[in-house]
Amino acid sequence: MAKPAPAPAAGAREDEDAPALRRRLRRLVAAATAGAASESVLDEAAAALAALRDAEVGVGRKGVGGGEEAAAAAVPALFLCPISSGIMRDPVVIESGQTYDRRSIQEWFSAGNQICPQTQQVLSHTIVIPNHLVRTMISQWCTENGLTLPEIENQEQDHVTNSEEKTFDEIFVKITSSANSGGRKQAIKDLRLLTKRNSEFRAVLGQRPDSIAQMILARSTPGLQNDPQVLEDMVTIILNFSIHDSNKKIIGDDSEAIQFLIWALKSGDMGSRSNSAAAIFTLSALDSNKEKIGKLGAMDPLIDLLEHGSIIAKKDAASAIFNLCLLHENRSIAARSGIVDVAMRAIDDQSLVEESLAILALLSRNQEMVEIITEFNGTASMLRSIRESECKRSKENAMVVLFAICTYNRTKLKEVEADESINGSLTFLAQTGTQRARRKASGILEKMKRTMHNRHCSC
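The chain is annotated in an unreviewed UniProt entry as RING-type E3 ubiquitin transferase of Oryza sativa subsp. japonica. The annotation that UniProt attaches to the chain under Pathway (unreviewed entry) is "Protein modification; protein ubiquitination." If you open the UniProt record of the chain and go to Catalytic activity (unreviewed entry), you find "S-ubiquitinyl-[E2 ubiquitin-conjugating enzyme]-L-cysteine + [acceptor protein]-L-lysine = [E2 ubiquitin-conjugating enzyme]-L-cysteine + N(6)-ubiquitinyl-[acceptor protein]-L-lysine."

Novice: Tell me what's going on with the overall build of the chain, and back it up with residues and numbers.
Specialist: Counting its secondary structure elements, the chain contains 24 helices and three strands. The buried share among the 459 residues of the chain stands at 47%. Counting only contacts in the chain whose residues sit at least 6 apart along the sequence, the fraction spanning at least 24 positions is 66%.

Novice: An account of helix 22 (residues 413–423) is requested, with residue identities and associated values reported.
Specialist: Every buried residue belonging to helix 22 is among Leu413, Val416, Glu417, Asp419 and Glu420, and all of these are buried. Buried residues along helix 22 cover an arc of 165° about the axis, so they all sit on one side. Opposite the buried face of helix 22, at more than 90 degrees from it, the exposed residues are Lys414, Ser421 and Ile422. A positive phi of about 65° marks Gly424, the residue just after helix 22.

Novice: I'd like a rundown of the environment of Ile405, residues and numbers included.
Specialist: By the secondary structure assignment, Ile405 is in helix 21 (residues 392–408). Among the residues examined, Ile405 registers a relative accessible area of 0% and is labelled buried. C-alpha separation for the pair Ile405 and Gln367, spaced 38 residues apart in sequence, amounts to 8.6 Å.

Novice: Lay out the packing of aromatic side chains in plain terms, naming residues and giving numbers.
Specialist: Across all of its chains, the model carries three aromatic pairs by this definition. For the ring pair Phe79 and Trp141, a centre distance of 6.4 Å and an interplane angle of 70° mean the geometry is edge-to-face. Taken as a pair, Phe79 in the loop between helix 3 (68–73) and strand 1 (91–93) and Trp141 in helix 5 (residues 132–144) lie far apart in primary sequence, 62 residues in all. There is no split in this pair, since Phe79 and Trp141 are both buried.

Novice: Describe the nonpolar core, with residues and values.
Specialist: By size, the foremost hydrophobic cluster in this structure holds 95 residues, and its most contacted members are Ile280, Leu302, Leu360 and Leu402. Of the domains in this structure, domain 2 (159–294) and domain 3 (337–458) are the two that each give at least three residues to this core. Once you skip the residues sitting within four places of it in the chain, Leu360 turns out to touch Val340, Ala343, Met344, Ile347, Ile373, Met382 and Val401. Counting residues in each nonpolar core, the second largest holds 21 residues, with Leu78, Phe79, Ile94 and Leu133 among its members.

Novice: Describe the layout of surface pockets, naming the residues involved and giving the relevant values.
Specialist: Estimates place the volume of the second largest pocket at around 790 Å³. Lining the second largest pocket are 26 residues; nearest its centre among them are Thr126, Ile127, Arg202, Asn240 and Ile243. Elements with a contribution of two residues or more to the lining of the second largest pocket: helix 4 (102–110), helix 7 (181–197), helix 9 (228–242), helix 12 (270–283) and helix 15 (311–324). For the lining of the second largest pocket, the leading source of residues is helix 4, giving four residues. No fewer than three residues from each of domain 1 (75–143) and domain 2 (159–294) sit in the lining of the second largest pocket.

Novice: Tell me about the packing of helix 20 (residues 378–388) against helix 21, residues and numbers included.
Specialist: Relative to each other, helix 20 and helix 21 sit at 150°, their axes nearing to 9 Å. Between helix 20 and helix 21, the interaxial angle falls into the category roughly antiparallel. The way helix 20 lies across helix 21 gives a crossing that is left-handed. Two secondary-structure elements touch here, helix 20 through Gly378, Thr379, Met382, Leu383, Ser385, Ile386 and Arg387 and helix 21 through Lys395, Ala398, Met399, Val401, Leu402 and Ile405. Of the residues belonging to the contact of helix 20 with helix 21, the class tally is eight nonpolar, three polar and two charged.

Novice: Describe the confidence of the model for the chain, listing the residues and the values that go with them.
Specialist: Within the chain, residue pLDDT values average 83, and 80% of them lie at 70 or more. Confidence, read as mean pLDDT per element, is least for helix 3 in the chain (40) and greatest for helix 14 (residues 299–308) (97). Confidence over residues 1–14 falls short of pLDDT 50; this stretch has 10 contacts with residues more than four positions distant or in other chains. Predicted confidence is poor over residues 56–73, with pLDDT under 50, and the contacts of this stretch with residues over four places away or in other chains come to 23 contacts.

Novice: Which residues make up the sheet that holds strand 3 (residues 129–130), and what values do they have?
Specialist: Here we have three strands laid out as an open sheet, ordered 2-1-3, and antiparallel in their pairing. Taken across any chain shown, the strands that pair with only one partner, and hence form the sheet edges, are strand 2 (99–101) and strand 3. Bridge count between strand 1 and strand 3: two bridges; the pairing is antiparallel. Bridging from a neighbouring strand, Val93 pairs with Ile129 of strand 3.

How each quantity is defined
- Residues numbered from 1 in each chain as written.
- Predicted model: local features only at pLDDT ≥ 70, side-chain atom pairs only at ≥ 80, totals over all residues.
- Heavy atoms only, no water.
- UniProt positions renumbered as here; feature names shortened; annotations may be inferred.
- Helix = DSSP H or I, 4+ residues; strand = E, 2+ residues; numbered from the N terminus.
- Buried < 20%, exposed > 50% of the residue type's maximum accessible area, 1.4 Å probe, protein only.
- Contact = heavy atoms within 4.5 Å.
- Arc of directions from axis to C-beta.
- Phe/Tyr/Trp six-rings, centres within 6.5 Å; stacked < 30°, edge-to-face > 60°.
- Core = buried A, V, L, I, M, F, W, Y, C linked by side-chain atoms within 4.5 Å.
- Domains from an automatic or database assignment.
- 1 Å grid on protein atoms, 1.4 Å probe; cavity = no way out; pocket = protein on both sides within 12 Å on 5 of 7 lines; lining within 4 Å.
- Points joined across faces, edges and corners; volume = space filled by probe spheres on them.
- Axes fitted to C-alpha atoms, helices over the stretch in contact; angles between N-to-C directions.
- Parallel < 35°, antiparallel > 145°, perpendicular 65-115°, else oblique.
- Left-handed = near helix turned anticlockwise from the far one by under 90°.
- Nonpolar A, V, L, I, M, F, W, Y, C, P; charged D, E, K, R; others polar.
- pLDDT = per-residue confidence, 0-100.
- Pairing = 2+ DSSP bridges.

Shown next, in the form of structure tokens:
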């Protein structure tokens, strides 16, 4: 007697084949990575993963005999590093939002590349953030298929040598106790260079967690307090330390560090303000730090820097604002601080289109934010970005915002319909855009079709 076919996993649809399941899994991971990692999203991702295993790995076992080779041949593409094509042992996210294996992407950066290998986006920094969701999913998949996922190699060894501790202590004594300001300034500069050039040296902070507060206090001594170079050096030291994952919580828990960075954002020269924004971006990888940074008032000076800074400073500010707004509470703070106005003007001026659209797409999950975007002529601005932008990601984000506008304010469909009759931008994007852009464009086109049908029926 034949065994009945197994029931589909919860959240899976019976008519979904392996490619459809892979597409759905990618969407769910993207949602979780963008800060929407609700319990329902994680449950659906797990269900989709189980269904994909049944649809894809099970077939591989039947054909080959169920060995590791068969399982490896059916690894979901989502789990493979785009550079090495191997299973990602330590998946990390870079500024463009793409996920790579840490070793592969760091080798790419070490070779002097400053662009995303997949999107070709020019990156303002090469900071990587662990993608814990993808790592968990890969680990689960390996366990269920009898494979062993190697432990993550500690890229930032916390084993500090005696020599490094001694060097740090010698420099720090000069910073806090030197008899003349010139000696202190040189020691601060030396520490900045060491934390920049020697990634292992950054782990010293774990052994000396009160060092940041002591360094900030030392700045109040005569000869240092009003020196802009000292301020920039200190801010950059915090930035360099923050790159080391283990230091993010240490710095976030420091009573002085975040307040000092925010003060530098308001009062420093352009170099200090830019590096403060970069440090805030790095620290905000932790949700606990996102909350503290938002509550302590970083949003106002970040938005001011986004509006008035140098191009590098603007990019640093935009990255920090985006990361902070992944926390729902910070979106309201950003709105009150005028982020929509500044971002819309940046798009209209063509000064920071890609970054501004990414921020607005994130904010557009909230109806109140969408209403503010609409008040700033958001419909016309998004349509223009869809037509004129050469970046697929920018087109996608503009489409996300436009879809939200049309969802919450159906009167704007007429404006979109008029533009579509002339330019056909949505029809083209529905065929050639990213998966998300195609889905949103098709959704608006369907809304327009229903609206036109209703008008004809009422005549």
